[in-house]
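Structural features, examined
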Amino acid sequence: MAADTGGFEDPTAEVLAEAAAAFGLLASAARLHLMWALAQGECDVTHLADRVGGALPAVSQHLAKLKLAGLVRSRREGRRQIYYVDDPDVVTVVRVMVGQLAARAEDTSTAPVRRLRGTGG
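What you see is a predicted model, and the numbers here were worked out from it, not measured in a lab.

Let us now look at the nonpolar core. Counting 21 residues, the largest nonpolar core has Met35, Leu38, Leu48, Leu63 and Leu66 as its most contacted members. Mapped by element, the contributors of at least two residues to this core are helix H1 (13-26), helix H2 (29-40), helix H3 (45-52), helix H4 (56-68) and helix H5 (88-106). No other element matches the five residues that H2 contributes to this core. Excluding its chain neighbours within four sequence positions, the residues that come into contact with Leu63 are Leu34, Leu38, Val45, Leu48, Val72 and Tyr83.

Here it is as C-alpha cells:
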C-alpha cells in the first residue's frame, strides 16, 4: 500500500524502478552532456558530437540508449536524423540539476562544491 504524506502518494515500485533506470542513464557524464545540449534545442548527431567533443559512433550509441528510454526523440530531415527532447519536465530536471551545480561551482562566496560520489545508497 502506498503511503500518503504531505498530500503526495508514494509512487509504485514500478514507477520508482523506471525513474531509477532513467536517472541511471543520466549518471553518465557523456549522456548528461547530450541531454544538456538537447535541452537547449534540437540538433543532429554530427553537431552534437562536435559540441560535446565525442566520437560520432559513441554519441550515436548514447543517443540510441536515451531514445530507447524515452528521454529523447528523433525525426528525419532528408539524410539527417534530428534529435530533441519533447518533454518539458525532462528539460527542467536537466537544466535545474546542471544549472544549480554550475552556479555553486562559480559562486566563490560560498563553501567549495563538494564532489558528489556514488555511495550506493
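On to the pattern of salt bridges, then. Within this structure, the stated rule accounts for five salt bridges. When the shortest N-O distance is used, the salt bridge between Arg80 and Asp44 registers 2.9 Å. Placement of Arg80 in strand S5 (residues 80-84) and of Asp44 in strand S3 (residues 43-44) is noted, with a sequence separation of 36 residues between them. With relative accessibility at 38%, the residue Arg80 sits in the partly exposed group. A salt bridge links Glu77 to Arg75, with the shortest nitrogen-to-oxygen separation between them at 2.8 Å.

Closest axis-to-axis distance for the H2/H3 pair is 10 Å, and the angle between their directions is 120°. It follows that H2 is oblique to H3 by the angle criterion. The two elements H2 and H3 meet at a crossing, and its hand is right-handed. The residues of H3 that touch H2, namely those facing His33, Leu34, Trp36, Ala37, Leu38 and Gln40, are Leu48, Arg51 and Val52. Broken down by class, the residue content of the contact of H2 with H3 amounts to six nonpolar, two polar and one charged.

Within the open sheet, the three strands sit side by side as S3-S5-S4. Their pairing is antiparallel. In this open sheet, the two edge strands, each paired with only one partner strand, are S3 and strand S4 (73-77). Relative to S5, S4 is paired through five bridges, and the arrangement is antiparallel. Each residue of the ladder has a partner; that of Glu77, found in S5, is Arg80.

Calculation notes
Residues numbered from 1 in each chain as written. Predicted model: local features only at pLDDT ≥ 70, side-chain atom pairs only at ≥ 80, totals over all residues. Heavy atoms only, no water. Core = buried A, V, L, I, M, F, W, Y, C linked by side-chain atoms within 4.5 Å. Buried < 20%, exposed > 50% of the residue type's maximum accessible area, 1.4 Å probe, protein only. Helix = DSSP H or I, 4+ residues; strand = E, 2+ residues; numbered from the N terminus. Contact = heavy atoms within 4.5 Å. Salt bridge = Lys/Arg side-chain N within 4 Å of Asp/Glu carboxyl O. Axes fitted to C-alpha atoms, helices over the stretch in contact; angles between N-to-C directions. Parallel < 35°, antiparallel > 145°, perpendicular 65-115°, else oblique. Left-handed = near helix turned anticlockwise from the far one by under 90°. Nonpolar A, V, L, I, M, F, W, Y, C, P; charged D, E, K, R; others polar. Pairing = 2+ DSSP bridges.

Worth remembering: the numbers are spatial, not functional.
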